[in-house]
Amino acid sequence: MIAAHKVGIPVFVTGGIGGVHRDGENSLDVSADLTELGRTPIAVVSAGVKSILDIGRTLEFLETQGVCVATYGKSKSFPAFFSTQSGFTSPYNVLNAEEAANLIASCLSLGLQSGVLLAVPIPEEHAAAGQQIEHAIQVAVDEARLKGIGGRDVTPFILQRVSELTDGQSLQANIALIHNNAKVGSQIACALSEHMKKCQSGPRGSSKTWEEKNQPSKSKPVVVGGVNVDFIAKGTTEKLLFGQTNPGSVCQSFGGVGRNIADCLSRLGHKPLFISAVGTDSHSDAVLNYCEHMNTSAVARLQAQRTATYCAVITESGELSLGLGDMDIHQQIKEQYVSQYEEQLRSASLVVLDGNIPVSTIDYVCSLAKKHSVPVWYEPTDADKACKPFLSDSWKALAYTSPNLAELCTMSRTLHLPTPEVLPNSLEDVLSCAAALTRPLLEHLCCVVVTLGALGVLVCGEHEAGTVSLRPQKHRRKGRLCAVYYPALAVRSEETVNVSGAGDSLAGGLMAGILQGKDTDSCVHMGLLAARLSLFSPHPIAPSLTADTVHPDRAHFQPCSKPTCLWMES
């Protein structure tokens, strides 16, 4: 289950799950399957629980762990592996693979960390053999009780006696069960895949989006930026000690700001052309295989170059302690290469640039976009790279940018504007500082989105209908400027897996909302929901991210706090 979830596989098939062992209320012998189902968001397809275990207490334990349990078929009767009936019922039942897929998608969309158990009864043609084995189990259970066998010795005794009483017939029934579970699990996985595709294509019956109404029919977003293979090292102690080995875990994922945003947009139904560069090494094979759901046709594979790698050392709570990057290849995303896609750039619904690419490439794209009235979003990447468009007049061609406060200070300093030497701490001072630094940028930009980490986000721009307008202006601005503060959605520290993709998920969710023509509150809520999912995932962009999981009207599990509007003075 853990391995499947780590690589984004939502459906896991097994024979039967473990459970609470008989006399478990005294021995406390409970299979780890149950606790893992309570903390791993994955769907497990099995034949239920063997009756050598305490099925009633097993179902109670699963309920306590927050696991959704359903029987596959017309009945709610919970199967006992070899028998279609155990004497207990599931809370739900699903009639077919499509209903199972809908249930799984609904559960996973809640953003909880518990799984789904789908119990599949033994096929009818093997039910007779199953009944014989079930009878042998009951005989063995009675013998154990009469002989006074208890605690940890019960299960081995029952297994041994069942094998003797059935003369090995249980093996054939076991094989039949596994074949059937694999068949049903495959059907459910296919149905879930189709369900996800429909979700990513947007809600049924929706009107044309802002993207569709304002651009040529074939226009798509374009993302130009970096792709990395990330190695995330997470400590298991409260404090990391430098100069020595710390206990922890290390996992591999795929990142890069440009890749993350392109991934996010692809999962939300806007499949952008992603322009980037990788080497011809094993890392490039791995990342391109992972990104099969994206349009990577414009990712160059360069000989004698290393695919960018990034190693992050994070604390137990998920905060970055140290990062090391080998990203020289990003400098190969040059104007000469990017200009091959000039047609797609000048007709794009939105162009996204990340700070990893060379200044000359940024200047070229901004010049082209200004000439053809294409909105450009600049994601600064880090404080050192935030200055790139501001070294010339290229920044005046931007429609959006999404810096954090440190990156915003770099932008302001590059333009020789007054900039604080020390960043403020209190929320009130942070908002005041961010609004003041943003004000000069809004002479040319449509909107500045200041990301504030765990505090939330400040959206700055022209006031319209009680909030900030996110639509690029074709004419000179007429309304007053304001900054609207949206608090972050609550996340407990123990729920946070890593924070490396939260900002990119926020930006990608916002972009998707803008392209869909949604109102500002909905766009920001989509971004906050996408960021929240990212915090729960080992991947920068959560594999569970879909249009449904960030839809403002469908993600009911947590209300969005009321935003606060601050006016900007001239």
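Provided above is the structure to which this section pertains.
The residue count restarts for each chain, going from 1 along the sequence in the order it is written. Only residues with pLDDT of at least 70 are given local features in this predicted model, and only at 80 or more are side-chain atom pairs given and counted; all residues enter the totals for whole chains, interfaces and linings. Side-chain descriptors were evaluated using all non-hydrogen atoms of the structure, hydrogens and water having been removed beforehand.

**Observations regarding the pattern of salt bridges**
Stated precisely, the cut-off is as follows: We define a salt bridge as a side-chain nitrogen of Lys or Arg found within 4 Å of a carboxyl oxygen belonging to Asp or Glu. Runs of E in the DSSP output that reach at least two residues are strands. Runs of H or I that reach at least four are helices, and both are numbered from the N terminus. Think of it in three bands: with a 1.4 Å probe and only protein chains considered, a residue is buried below 20% of the maximum accessible area for its type, exposed above 50%, and partly exposed in between.
One pass over the full model with this rule turns up 17 salt bridges. One salt bridge in this structure joins Arg161 and Glu143, with 2.7 Å as the shortest N-O distance. Taken together, the positions of Arg161 in helix α7 (residues 154–166) and Glu143 in helix α6 (residues 127–146) put the pair 18 residues apart, joining distant regions of the chain. Residue class for Arg161 comes out buried when judged on its relative accessible area of 18%. Notably, a salt bridge pairs Glu164 with Arg161, separated by 2.6 Å at the nearest N-O pair.

**Topic: helix α11 (residues 282–290)**
Just so we agree on the cut-off: Directions pointing from the helix axis toward each C-beta atom define the arc.
Within the sequence span of α11, burial applies to Ser284, Val287 and Tyr290. Considered in projection along α11, the buried side chains sweep an arc of 135° and stay on one side of the axis. For α11, the exposed residues set more than 90 degrees away from the buried face come down to Ser282 and Asn289.

**Side note on the sheet that holds strand β8 (residues 248–255)**
Either a parallel or an antiparallel arrangement is found when strands of a sheet pair, and the pairing is made through backbone hydrogen bonds. The criterion, for reference: A strand pair is defined by DSSP finding two or more bridges across the two strands. Here, axes are lines fitted to C-alpha atoms. For helices the fit covers the stretch in contact, and angles between N-to-C directions go from 0 to 180 degrees.
Spatial strand order, β8-β7-β11-β12: four strands in an open sheet with mixed pairing. Each end of this open sheet is capped by a strand with a single partner; those strands are β8 and β12 (320–326). This sheet shows a mean twist of 15° between the axes of neighbouring strands, independent of strand direction. Examined bridge by bridge, strand β7 (residues 228–235) and strand β11 (residues 309–314) share six bridges and lie parallel to one another. Residue pairing in the sheet places Phe231 in a bridge with Cys311 of β11.

**Comments concerning the packing of aromatic side chains**
Our working rule: Stacked, edge-to-face and tilted are the three classes for Phe, Tyr and Trp ring pairs, Trp counted by its six-membered ring, which pair at centre distances within 6.5 Å; planes under 30 degrees apart are stacked, over 60 edge-to-face, the rest tilted. Note on criteria: charge over ring means Lys NZ or Arg CZ within 6 Å of the ring centre, with the direction from the centre no more than 35 degrees off the ring normal.
Considering all chains together, one arrives at four aromatic pairs under this definition. Relative to Tyr290, the ring of Phe254 has its centre 5.1 Å away and its plane inclined at 35°; by these criteria the two rings are tilted. On the criterion of sequence distance, the pair formed by Phe254 in strand β8 and Tyr290 in helix α11 is long-range, its members being 36 residues apart. Since its relative accessible area comes to 18%, Tyr290 is described here as buried. Centroid distance Phe390 to Trp395: 5.6 Å. Interplanar angle 25°. Geometry classified as stacked. Seen from the ring of Trp567, Arg480 lies directly overhead, with NZ or CZ sitting 4.2 Å from the centre.

**Observations concerning the packing of helix α17 (residues 502–515) against helix α18 (residues 520–535)**
Operational definition: Each crossing is labelled by how the near helix is turned from the far one, with a counterclockwise turn of less than a right angle marking it left-handed and a clockwise turn marking it right-handed. Contact criterion: two residues are considered in contact whenever any of their non-hydrogen atoms come within 4.5 Å of each other. Gly counts as polar in this scheme, as do all residues outside two lists: the nonpolar Ala, Val, Leu, Ile, Met, Phe, Trp, Tyr, Cys and Pro, and the charged Asp, Glu, Lys and Arg.
In the contact formed by α17 and α18, the axes pass within 7 Å of each other and the chain directions differ by 150°. Between α17 and α18 lies a crossing of right-handed hand. Between α17, through Ala502, Ser505, Leu506, Gly509, Leu510, Ala512, Gly513 and Ile514, and α18, the contact on the second element is made entirely by Cys523, Val524, Met526, Gly527, Leu528, Ala530, Ala531, Ser534 and Leu535. Residues of the contact of α17 with α18, tallied by class, amount to 12 nonpolar, five polar and no charged.

**Section: unusual backbone geometry**
Even without glycine at this site, Ala304 takes up a positive phi of about 60°. Mapped onto the elements of the fold, Ala304 is located in the loop between β10 (295–301) and β11. Even without being a glycine, Thr381 presents a positive backbone phi close to 80°. Along the chain, Thr381 falls in the loop between β14 (376–379) and β15 (400–401).

**Re the sheet that holds strand β4 (residues 92–94)**
A sheet is described by the order of its strands in space; here five strands give the open sequence β1-β2-β5-β3-β4, paired in parallel fashion. The open sheet has two edge strands with one neighbour each: β1 (11–13) and β4. Ignoring strand direction, the axes of neighbouring strands in this sheet form an average angle of 30°. Of the strand pairs in this sheet, strand β3 (residues 68–72) and β4 are connected by three bridges, and their pairing is parallel. In the strand pairing of β4, Ala70 is matched with Tyr92.

**Observations concerning the environment of Thr401**
Assignment of secondary structure puts Thr401 in strand β15. Given the relative accessible area of 0%, Thr401 is considered buried. Note: C-alpha distance between Thr401 and Asp354 (47 residues apart in sequence) is 9.9 Å. Non-local contacts of Thr401, meaning those with residues more than four positions away in its chain, are made with Trp377, Tyr378, Pro380, Met411, Leu445, Cys447, Val448 and Val449.

**Looking at a nonpolar patch on the surface**
Where we set the bar: Only residues above 30% relative accessible area that lack a salt bridge enter a patch, with like-charged residues linked at up to 9 Å and the nonpolar side chains Val, Leu, Ile, Met, Phe, Trp and Tyr linked at up to 5 Å. To be clear on the numbers: accessible area is Shrake-Rupley with a 1.4 Å probe, and residue cover counts the displayed protein chains and nothing else.
Side chains of Phe242, Leu322 and Leu324 sit close together on the surface and give an oily, nonpolar patch of about 330 Å² of accessible area. Residue position: Leu324 is located in strand β12. Residue class for Leu324 comes out exposed when judged on its relative accessible area of 57%.

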